[in-house]
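Residues per chain, in single letters:
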Amino acid sequence: MKLILLGAPGAGKGTVAKMLTAIDGSVQISTGDILRGAVQAGTDLGKEAQGYMDRGDLVPDSLIMGIMENRLQEDDCQKGFLLDGFPRTIPQAEALTELLSKLDIKLDMAVDIEVPRDVILDRLCTRRTCENGDCQLIYNVKSNPPKKEGICDKCGSAVIQRADETEEAISHRLETYNEKTAPLIGFYTKAGLTKTVTGTSSDAVVAAIKESLSL
Ligand code: AMP
């Protein structure tokens, strides 16, 4: 499947993407994970992106498009992909349309995952992430804590609160979402691709996507 996952930070895009990869081997492409990996590895990309990320601002479109142009042409994407956190602006969406047409790839759907704001705020404040750039497994201190406090079940690295998941950065990220990313719902509706799914359960979101794609 070839999907875009839209939705505010904390809507569950990453969780849903991971669940969908198990269905047909489509790969999750999270620009946030790629950028955090680059920051941790200290690459030029990471150095350029870090300030924006820590403040909860968007990284410039040109950097993101450079990442995506390479990523979408890798072999593992040929079966399908779940775009998680990309596109985030209208210029990114326009550039993606052009890139997909150049690569002769057709999107199935843009899924808009809608979750109430109070649920999102609670989720982001209690979310913890494995700091290992190659793992980045997500936990929640209330609903899904690691077995050993502060240690990732999967790779043994430290489980931390992200720098952009303080209350101040979260509220800035949500404002940025409303201003820059929410207009993409209209963009993909015009293209006849939007499917809105409302709900706080990732299982229900995945079931609705499967039904829409007749899987
Ligand atoms: P995420 O993990 O998707 O919430 O992304 C974390 C941070 O990475 C965002 O707050 C942005 O600073 C940056 N980022 C991720 N994806 C994008 C994108 N498509 N465009 C611009 N910035 C992005």
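That block above? That's the structure.
Just so it is clear, the structure is predicted and the values come from calculations on it, not from any experiment.

(A) Spatial organisation of the pattern of salt bridges. For the coordinates displayed, the defined rule picks out twelve salt bridges. A salt bridge links D76 to R71, with the shortest nitrogen-to-oxygen separation between them at 2.8 Å. In this structure, R162 and D164 form a salt bridge, with 3.0 Å as the shortest nitrogen-oxygen distance. For R162, a relative accessible area of 10% corresponds to the buried category.

(B) Up close: the environment of S202. Relative to the elements of secondary structure, S202 occurs in helix 9 (residues 202-212). Taking the C-alpha atoms as reference points, S202 and M68, separated by 134 residues in sequence, lie 26 Å from one another. Not counting residues up to four positions away in its chain, the partners in contact with S202 are T15, V16 and M19.

(C) How the structure looks around the sheet that holds strand 4 (residues 109-114). Read from one edge of the open sheet, five strands run 2-3-1-4-8, paired in parallel fashion. With one partner strand each, in any of the chains shown, strand 2 (27-30) and strand 8 (194-198) form the two edges of the open sheet. For this sheet the average axis-to-axis angle between neighbouring strands, irrespective of direction, equals 25°. The pairing of strand 2 with strand 3 (residues 81-84) spans four bridges and is classified as parallel. From the neighbouring strand, I29 faces strand 3, where its bridge partner is L83. Of the strands in this sheet, strand 2 and strand 3 are in contact with helix 2 (residues 31-41), which crosses strand 2 at around 65°.

(D) How the structure looks around the site of the ligand. Taken together, 16 residues form the shell around the ligand, and within it T31, R36, D57, G85 and Q92 come nearest. Between an oxygen atom of the ligand and a main-chain N or O atom of D57, the distance comes to 2.6 Å. Within the complex, the protein chains bury 96% of what would otherwise be the 480 Å² of accessible surface of the ligand. Top element by residues in the shell around the ligand is helix 2. It accounts for four residues. The class makeup of the residues in the shell around the ligand is six nonpolar, four polar and six charged.

Cut-offs used in this document
Residues numbered from 1 in each chain as written. Predicted model: local features only at pLDDT ≥ 70, side-chain atom pairs only at ≥ 80, totals over all residues. Heavy atoms only, no water. Salt bridge = Lys/Arg side-chain N within 4 Å of Asp/Glu carboxyl O. Buried < 20%, exposed > 50% of the residue type's maximum accessible area, 1.4 Å probe, protein only. Helix = DSSP H or I, 4+ residues; strand = E, 2+ residues; numbered from the N terminus. Contact = heavy atoms within 4.5 Å. Pairing = 2+ DSSP bridges. Axes fitted to C-alpha atoms, helices over the stretch in contact; angles between N-to-C directions. Near = heavy atom within 4 Å. Polar contact = N/O pair within 3.5 Å; in protein donor to acceptor, adjacent residues only side chain to side chain. Areas by Shrake-Rupley, 256 points an atom, 1.4 Å probe, with all protein chains shown as cover. Nonpolar A, V, L, I, M, F, W, Y, C, P; charged D, E, K, R; others polar.

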